[in-house]
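# Structure at a glance
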Amino acid sequence: MKKALVINLTRFGDLLQTQPVISSLANEGYKSAVVCLKNFAATTELMRDVVETFPLPGALFLASIDRDWRNAVNVFDSYCREIEKKFNPDLIINLTPSVSARLIALRLGKDREVRGFAMDKFGFSADTNQWAVFLQMASANRGSSPFNVVDLFSRVAELKRPAPFHLAKPSPEMRIAALKYLDNSESEAQGFVGFQPGASDDRRRWPVANFKELGSRIWNEMRRIPVLLGTKNESHLGQKILEDADFPVINLMGKTSLPELAAVLRRLDLLVTNDTGTMHLAAGSGTPVAAVFLATAQPWDTGPAAGNLLCFEPDLDCHPCPFGVKCAYENKCRQHIGVAEIFDAVSSFINQSCWPRMENRGVRAYLTGHDEHGFIELKSLSGHEQTDRYKWILLQREFYRRFLDGEDLSGFVVEPISFSIEFRDILIKTLSECHDLLFLISKQAILLQGDPMEKMKVKFLANFQRIQDILSSCPQLSVLSSLWDLEARSQDSMDGLVSQLRRYMMLITSLSSSIT
């Protein structure tokens, strides 16, 4: 049986989202092992079809470097040799663009097929496909990525269609533990609703006071007991909910192992959560989810990768905000999604088995599903189907998927989409400038191929930089700007540059013809 080694050196939630890649590999006849950070090695216990886990001892490597870099090299090589001895993979898939992950792929990839983020023998990036480049760029352009990270992982791994996001079922012991955790003497209780008040960043947390008010309404109006979930480091948030609460609460913050948490989630009627690893664990466990996305979090790229789940984000022009930038509006998005909106959604789903429409509520509400390619898609439940932002995301999905798959876009057309005059003018102006300059550079490339004049080379390379500058001037095209720049830097021949010019010319031309 063929063997695949999947490298993912990210956090809990992103590691869980590797599951569709593992499942797709199993469908293709591969046994899969995972390389992950030691701190998150227990995560693979929650996943299907993982036959071996190789935790990366980052602290040991750093300590070895401090003592003697030559010893660090030996430690690293011993780690790789252990993988080869125990598993001996036929295929290496690296889903993490960090230097450490690329080095592992380089060391283990000798005489083996490598997919995803790679490195050449000189230490330069040598990604194996355009999806890998796009994934790296999309993470820095949050408002521009129209694809869920689960789908990006699958495409980076060069898998034809994402498999469903189904995590492993808890063991009988874990299911018994969940029953004990949720045992409650409240005779009036009709079920349980999970709360995950924590998040990786305070700005991405729905206010604790909102969770407390929601808990009161869920108990007093629906007789569901709130169950507080999260890590020990987040337990102070739970204490604020518990203070003077007028409703019963089961506090499990910092008290469950990961397998126990997975079992508890399957016992809940629903989970209310921020954008967290717990959200992804619930999605992969079949638990209904109502998720809130604030600040830098947005559901298009990091939303739950399962169907019929609800995502909220504030209906603000500034959302999502970029990483590393101080909010100019005092984090007003945290107060923008009210308790009434979340309660109405939760009560509708529990009482009527469907999510409600949310028009004119100051929120963007999306229902998760899958498109014809198996990609996660979001359908608006709040009347935002006709907004520029929503239509632009859908248009990007149509074109970027084909572009990154390497399809010929020269004859591809879609029914033109109508945008507001202001939005349209910005896009058309930028795309027209880019088109004209690409045409000029194409002619310069033909001349250089016949006669590589030094002065012409200087102008040619300067114009390449100008393409990036033009695209980056338009926020809606920022991810394309970064993609252009990284791809241009990776070219090592005139033929490669000419091919890049041709592909982007087709994309820009097709995009322009689809905007009215």
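Not measured: the values here are computed from a predicted model. (Residues numbered from 1 in each chain as written. Predicted model: local features only at pLDDT ≥ 70, side-chain atom pairs only at ≥ 80, totals over all residues. Heavy atoms only, no water.)

Helix and strand counts for the chain stand at 19 helices and 13 strands. The C-alpha radius of gyration of the chain comes to 25 Å, within 12% of the 24 Å expected for a compact globule of 516 residues. Expressed along its principal axes, the backbone C-alpha trace of the chain runs to roughly 85 × 60 × 40 Å. Within the chain, one finds 58 positive and 61 negative side-chain charges whose respective centroids are separated by 4 Å. (Helix = DSSP H or I, 4+ residues; strand = E, 2+ residues; numbered from the N terminus. Rg over C-alpha atoms; globule rule 2.2 N^0.38 Å. Lys, Arg positive; Asp, Glu negative; His and termini not counted. Charge placed at Lys NZ, Arg CZ, Asp CG, Glu CD.)

Right, let's get into the state of the cysteines. A covalent bond between the sulfur atoms of two cysteines is what we call a disulfide. Counted by the stated rule, this structure contains 0 disulfides. With no disulfide of its own, Cys311 lies 16 Å from the sulfur of Cys333, the closest cysteine sulfur. (Disulfide = S-S within 2.5 Å.)

Moving on: a nonpolar patch on the surface. A grouping of Val99, Leu103 and Leu106 is seen on the molecular surface, where their side chains present a nonpolar patch of about 240 Å² in accessible area. Examined against the element boundaries, Leu103 turns out to sit in helix H5 (residues 99-108). What makes Leu103 partly exposed here is its relative accessible area of 36%. (Patch = residues over 30% accessible without salt bridge, like charges linked within 9 Å, V, L, I, M, F, W, Y side chains within 5 Å. Areas by Shrake-Rupley, 256 points an atom, 1.4 Å probe, with all protein chains shown as cover. Salt bridge = Lys/Arg side-chain N within 4 Å of Asp/Glu carboxyl O. Buried < 20%, exposed > 50% of the residue type's maximum accessible area, 1.4 Å probe, protein only.)

Bringing the environment of Ala263 into the picture now. Following the sequence through the fold, Ala263 ends up in helix H11 (residues 258-267). Excluding residues that lie within four positions of it along the chain, Ala263 makes contacts with Pro170, Met174, Arg175 and Ala178. (Contact = heavy atoms within 4.5 Å.)

Given two aromatic rings, their pairing is described by the distance between the two centres and the angle made by the two planes. Throughout the structure, instances matching the rule amount to 18 aromatic pairs. Measuring from centroid to centroid gives 5.8 Å for Phe147 and Phe375, while their planes differ by 85°, and the two rings are edge-to-face. Of this pair, Phe147 sits in the loop between helix H6 (130-138) and helix H7 (149-156) while Phe375 sits in the loop between strand E12 (363-370) and strand E13 (376-380), and the two are 228 residues apart along the sequence. Ring geometry for Trp300 and Tyr366: centres 5.9 Å apart, planes at 65°, overall edge-to-face. In this pair, Trp300 sits in helix H13 (residues 299-302) while Tyr366 sits in strand E12, placing the two residues 66 residues apart along the sequence. Taken individually, Trp300 and Tyr366 each receive the classification buried, so the pair is uniform in this respect. Among the aromatic residues, ring-to-ring pairing joins Trp131, Phe134, Phe147, Phe375 and Tyr400 into one connected group. (Phe/Tyr/Trp six-rings, centres within 6.5 Å; stacked < 30°, edge-to-face > 60°.)

Moving on, we come to the pairing of strand E4 (residues 91-94). Every regular strand shows the same layout, with side chains that alternate between the two sheet faces. Both faces of E4 are covered, namely the face carrying Leu91 and Ile93 and the face carrying Ile92 and Asn94. The β-α-β motif built from E4, the intervening H5 and the parallel element strand E5 (residues 113-116) has right-handed crossover chirality. (Right-handed = clockwise from strand over helix to strand, strands pointing away.)

Let us now look at the pairing of strand E10 (residues 289-292). Alternating residues of E10 divide into Val289 and Ala291 and Ala290 and Val292, and every residue in both groups is buried. Bridge analysis of strand E9 (residues 270-274) against E10 gives 4 bridges, and the strand direction is parallel. Bridge pairing in E10 links Val272 to Ala290. At this point the chain moves from E9, through helix H12 (residues 277-285), to the parallel E10, and the crossover so formed is right-handed. (Pairing = 2+ DSSP bridges.)

Viewed as axis vectors pointing N to C, helix H9 (residues 208-222) and helix H10 (residues 235-242) meet at an angle of 45°, and their least axial separation amounts to 9 Å. Classed by the angle they form, the pair H9 and H10 counts as oblique. The handedness of the crossing between H9 and H10 is right-handed. Of the residues in H10, those in contact with Val208, Phe211 and Lys212 of H9 are Leu237, Lys240 and Ile241. Per-class residue counts for the contact of H9 with H10 are 4 nonpolar, no polar and 2 charged. (Axes fitted to C-alpha atoms, helices over the stretch in contact; angles between N-to-C directions. Parallel < 35°, antiparallel > 145°, perpendicular 65-115°, else oblique. Left-handed = near helix turned anticlockwise from the far one by under 90°. Nonpolar A, V, L, I, M, F, W, Y, C, P; charged D, E, K, R; others polar.)

Here the structure, examined in full by the defined rule, presents 30 salt bridges. The partner of Asp127 in a salt bridge is Arg102, and the shortest N-O contact between them spans 2.7 Å. Residue Asp127 is found in the loop between E5 and H6, and its partner Arg102 is found in helix H5; the two are separated by 25 residues along the sequence. Its relative accessible area of 21% is what places Asp127 among the partly exposed residues. Arg223 serves as the salt-bridge partner of Glu188, at 3.0 Å between the closest nitrogen and oxygen. Separated by 35 residues along the polypeptide, Glu188 in the loop between helix H8 (172-181) and strand E6 (191-196) and Arg223 in the loop between H9 and strand E7 (224-228) bring together distant segments of the chain.

As a further point, take the side chain of Ser348. Looking at the element boundaries, Ser348 is found in helix H14 (residues 339-352). Owing to a relative accessible area of 8%, Ser348 belongs among the buried residues under this scheme. Within polar-contact distance, the side chain of Ser348 engages the backbone oxygen of Cys354 at 2.7 Å. Setting aside its immediate chain neighbours within four residues, Ser348 contacts Ser353, Cys354, Trp355 and Pro356. (Polar contact = N/O pair within 3.5 Å; in protein donor to acceptor, adjacent residues only side chain to side chain.)

This part is about the sheet that holds E7. Spatially, 8 strands are ordered E8-E7-E6-E9-E10-E11-E12-E13 in an open sheet, and the strand pairing comes out mixed. Unpaired on one side and paired on the other, strand E8 (250-251) and E13 mark the two borders of the sheet. Direction of pairing for E7 relative to E8: parallel, over a ladder of 2 bridges. Looking at the pairing, Val227 lines up with Ile250 of E8.

The quantities given are spatial measurements derived from coordinates; they are silent on function.
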